[in-house]
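# Chains, contacts and geometry: an overview
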Amino acid sequence: MAGNGVFAEIIDGEVYKYYCEGEWRKSASGKSVAIINPTTRKTQYKVQACTQEEVNKVMEIAKAAQKSWAKTPLWKRAELLHKAAAILKEHKAPIAECLVKEIAKPAKDAVTEVVRSGDLVSYTAEEGVRILGEGKFLVSDSFPGNERTKYCLTSKIPLGVILAIPPFNYPVNLAVSKIAPALIAGNSLVLKPPTQGAVAALHMVHCFHLAGFPKGLISCVTGKGSEIGDFLTMHPGVNCISFTGGDTGVAISKKAGMVPLQMELGGKDACIVLEDADLDLAAGNIVKGGFSYSGQRCTAVKVVLVMESVADTLVEKVNAKVAKLTVGPPEDNCDITPVVSESSANFIEGLVMDAKEKDATFCQPYKREGNLIWPLLLDNVRPDMRIAWEEPFGPVLPVIRINSVEEGIHHCNASNFGLQGCVFTKDINKAILISDAMETGTVQINSAPARGPDHFPFQGIKDSGIGSQGITNSINMMTKVKTTVINLPTPSYTMG
Ligand SMILES: NC(=O)C1=CN([C@@H]2O[C@H](COP(=O)(O)OP(=O)(O)OC[C@H]3O[C@@H](n4cnc5c(N)ncnc54)[C@H](OP(=O)(O)O)[C@@H]3O)[C@@H](O)[C@H]2O)C=CC1
Ligand SMILES: O=C(O)[C@H](O)COP(=O)(O)O
């Protein structure tokens, strides 16, 4: 159970502690932040409201710990990560329980998130050993005017202290996707978990603690992003920020200093369905892509752009599948569970009411109880409706009928976002042309958008992000190239 057994030391009374210098501590603030269960709408857990002094301390310790970690052999770093991955998977049940209570993730998906996270950590350890274990060797005479008097050796060195800020919807997986690459590359790591999801993240951090990582190498400070976020992201001790979340990321990128940024932000992933598409396949993917975890995925299908000639059939098939979705508490493994907060539910409702005023076709009646919103397909959505452009992050999916492929691409590219997109057609040539024309980081052909598998490159363009994620890209992003040049007194040619 959460907060019990090996996890007993991470909680004091009813407030979870924060993690600093290899210890679980209470904040000197004496204050806590409540985590509201989205289903009961009552306080489920409490975490420490860390102070600026505590952030300063964590940064100071992270800097010192990184220096000796960088001298730890790569194979040993990998060994510890494998150990952490195994411990994480061993304790999947209590961590999944937190995900159910804090973010209303359906029980089976919560377990999947933890197992997937363990696999990500192991894969990162293996990939790190491979890509960090080799560098480049250059000779000077390949550049005009030079003799072979210089040998250049390149290797990848750590950046220092990495600040990781994940979002509520994958508080474990999107935390380890930052922690594991940072550590294998020889960096130290400061984690600021999302408030909803913080307790799952603290349990995950304890798994790294149990694995025996050096003191201070990993820290976890809790508190509201709106209160300690700016202090963290503008802290002079930070050498790199890896952030996943919404518009906050845009604000951070304007305030952060001269440090590398990895930003994975919002999306409005479009699903283009052509006349020749397998409509059953498309409908299945639209429902899975649009409604899994109640639409609270950055890679959820967030707008369907379907050719008018097949729109009636597609909408009918999608509706038949929507009717089968179960709605209720995450403990019962329902498909649709309460959205993360009341303010999120209110925001989604605002988009729905706007669409209603502007005469969208409601394929189901709009229904809400507390934070629970029943799945809703909105047909005949037009560009003057907010839902055509904004990201609901909830179980509401707009359908826009189009008369040409160009119209679909135009809509997709007019968005401020550019995360992923997908196209359904049996014509691979058309699919490639559409993929090339869509201004998004990834295009899926005949499948819904997805970040996973976690070693695939994952990136957004425009307001959807900076840089690229995915295991290999994250390791590279959290390193710098260092070169050493050997200067010879006379040119030296092999076999010369
Ligand atoms: N492209 C991608 O890979 C993904 C993108 N997302 C996007 O994330 C959004 C939903 O997640 P959500 O958690 O609500 O996103 P937010 O941007 O609200 O929060 C993300 C993280 O930032 C923290 N934070 C809040 N304010 C600040 C601040 N001023 N400085 C630093 N950190 C701060 C939050 O902490 P706290 O919780 O305490 O406020 C949380 O840990 C959606 O827009 C979604 O599309 C989600 C997943 C993946
Ligand atoms: O935050 C998200 O929405 C995740 O990145 C989605 O991951 P998935 O597409 O692999 O489920």
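Quantities reported herein were computed from a predicted structural model and do not represent experimental measurements. (Residues numbered from 1 in each chain as written. Chains lettered and ligands numbered in written order. Predicted model: local features only at pLDDT ≥ 70, side-chain atom pairs only at ≥ 80, totals over all residues. Heavy atoms only, no water.)

Cross-referencing UniProt, the feature "active site" (unreviewed entry) maps to Glu 264 in the present numbering. By secondary structure assignment, the location of Glu 264 is in strand β13 (residues 261-264). Setting aside anything within four residues of it in sequence, one finds Glu 264 in contact with Phe 243, Thr 244, Gly 245, Leu 419, Phe 458, Gln 459, Gly 460, Ser 464, Gly 467, Ser 468 and Gln 469. (UniProt positions renumbered as here; feature names shortened; annotations may be inferred. Helix = DSSP H or I, 4+ residues; strand = E, 2+ residues; numbered from the N terminus. Contact = heavy atoms within 4.5 Å.)

Another point: the packing of helix α2 (residues 74-90) against helix α4 (residues 107-132). Two elements in contact, α2 and α4, have axes separated by 8 Å at closest approach and are oriented at 170°. With respect to α4, the element α2 is oriented roughly antiparallel. Contacts between α2 and α4 involve Leu 74, Ala 78, Leu 81, His 82, Ala 85, Leu 88 and Lys 89 from the former and Val 114, Val 115, Ser 117, Gly 118, Asp 119, Val 121, Ser 122, Ala 125, Glu 126, Gly 128, Val 129 and Leu 132 from the latter. In terms of residue class, the contact of α2 with α4 is made up of eleven nonpolar, five polar and three charged. (Axes fitted to C-alpha atoms, helices over the stretch in contact; angles between N-to-C directions. Parallel < 35°, antiparallel > 145°, perpendicular 65-115°, else oblique. Nonpolar A, V, L, I, M, F, W, Y, C, P; charged D, E, K, R; others polar.)

The subject of this paragraph is the pairing of strand β22 (residues 420-424). A regular strand places its side chains so that they alternate between the two faces of the sheet. Most of β22 sits inside the fold, with five of its five residues counted as buried. Two strands pair when backbone bridges link them, and strand β14 (residues 270-273) and β22 are joined in this way by four bridges, in the parallel orientation. In the sheet register, Cys 271 faces β22, and the bridge partner there is Cys 422. Bridging between β22 and strand β23 (residues 442-445) involves four bridges; their strand directions are parallel. Considered in β23, the bridge of Gln 420 is made with Thr 442. Considered for its hand, the β-α-β crossover made up of β22, helix α13 (residues 428-437) and β23 is right-handed. (Buried < 20%, exposed > 50% of the residue type's maximum accessible area, 1.4 Å probe, protein only. Pairing = 2+ DSSP bridges. Right-handed = clockwise from strand over helix to strand, strands pointing away.)

The subject of this paragraph is the confidence of the model for the protein. Mean pLDDT for the protein: 97, with 100% of residues reaching 70 or above. On the interface metric, ipTM, the complex scores 0.94, and its pTM is 0.97. (pLDDT = per-residue confidence, 0-100.)

The tally for this structure, following the rule as stated, stands at six aromatic pairs. Ring plane angle 40° and centroid distance 4.7 Å describe the contact between Tyr 19 and Trp 24, whose orientation is recorded as tilted. The two residues Tyr 19 and Trp 24 agree in class, both being buried. When the centroid spacing of 5.9 Å and the interplanar angle of 80° are considered together, the rings of Phe 168 and Phe 393 count as edge-to-face. A residue pair is termed long-range when its members are at least 10 positions apart, and Phe 168 in the loop between β9 (161-165) and α5 (173-184) and Phe 393 in the loop between β19 (376-379) and β20 (396-402) qualify at 225 residues. (Phe/Tyr/Trp six-rings, centres within 6.5 Å; stacked < 30°, edge-to-face > 60°.)

Each assigned domain of the protein is listed here: domain 1 (5-265) and domain 2 (270-445). Domain 1 and domain 2 are separated by 32 Å when their C-alpha centres are compared. Contact with domain 1, which involves 17 residues of that partner, is made by 19 residues of domain 2. Of the roughly 1,600 Å² buried at the junction of domain 1 and domain 2 (both faces included), carbon and sulfur atoms supply 57%. Broken down residue by residue, the surface that domain 1 buries against domain 2 is led by Arg 41, Pro 106 and Phe 168, which jointly contribute 27%. Put simply, domain 1 and domain 2 have one salt bridge between them. A salt bridge links Glu 331 to Lys 101; the shortest N-O distance between them is 2.8 Å. Across the domain 1-domain 2 interface, the total number found is eight residue pairs in polar contact (both at pLDDT 80 or more). (Domains from an automatic or database assignment. Buried area = accessible area lost by both parts, 1.4 Å probe. Salt bridge = Lys/Arg side-chain N within 4 Å of Asp/Glu carboxyl O. Polar contact = N/O pair within 3.5 Å; in protein donor to acceptor, adjacent residues only side chain to side chain.)

Attention shifts here to unusual backbone geometry. Cis peptide bonds are those with omega within 30 degrees of zero, and the linkage from Gly 452 to Pro 453 qualifies with -5°. Mapped onto the elements, Pro 453 comes out in the loop between β23 and β24 (461-462). Positive phi, close to 70°, is recorded for Asp 359, a residue that is not glycine. Following the sequence through the fold, Asp 359 ends up in the loop between α11 (342-357) and β16 (361-362). Non-glycine residue Lys 462 carries a positive phi angle of around 50°. Assignment of secondary structure puts Lys 462 in strand β24. The partly exposed category is assigned to Lys 462, whose relative accessible area is 34%.

So, on to the side chain of Ser 117. Here Ser 117 is to be found in helix α4. Overall, the relative accessible area of 0% leaves Ser 117 in the buried class.

Now for the environment of Val 115. Note on placement: Val 115 falls in helix α4. Judged by relative accessible area, Val 115 falls into the partly exposed class, the value being 25%. Placed 29 residues apart in sequence, Val 115 and Ala 86 show a C-alpha to C-alpha distance of 9.4 Å. Apart from the residues lying within four places of it in its own chain, the contact partners of Val 115 are Lys 89 and Lys 92.

On to the site of ligand 2. Taken together, Arg 116, Asn 169, Tyr 170, Leu 174, Arg 297, Cys 298, Thr 299, Ala 450, Arg 451 and Gly 452 make up all the residues around ligand 2. Between Tyr 170 and ligand 2, the recorded distance is 3.0 Å, taken from a side-chain N or O atom to an oxygen atom. A distance of 2.7 Å is found between an oxygen atom of ligand 2 and a side-chain nitrogen or oxygen belonging to Thr 299. Here ligand 2 has 310 Å² of accessible area as a free molecule, and 94% of this is covered by the chains. Viewed by domain, the shell around ligand 2 spans two of them, domain 1 (5-265) and domain 2 (270-445), each represented by three or more residues. (Near = heavy atom within 4 Å. Areas by Shrake-Rupley, 256 points an atom, 1.4 Å probe, with all protein chains shown as cover.)

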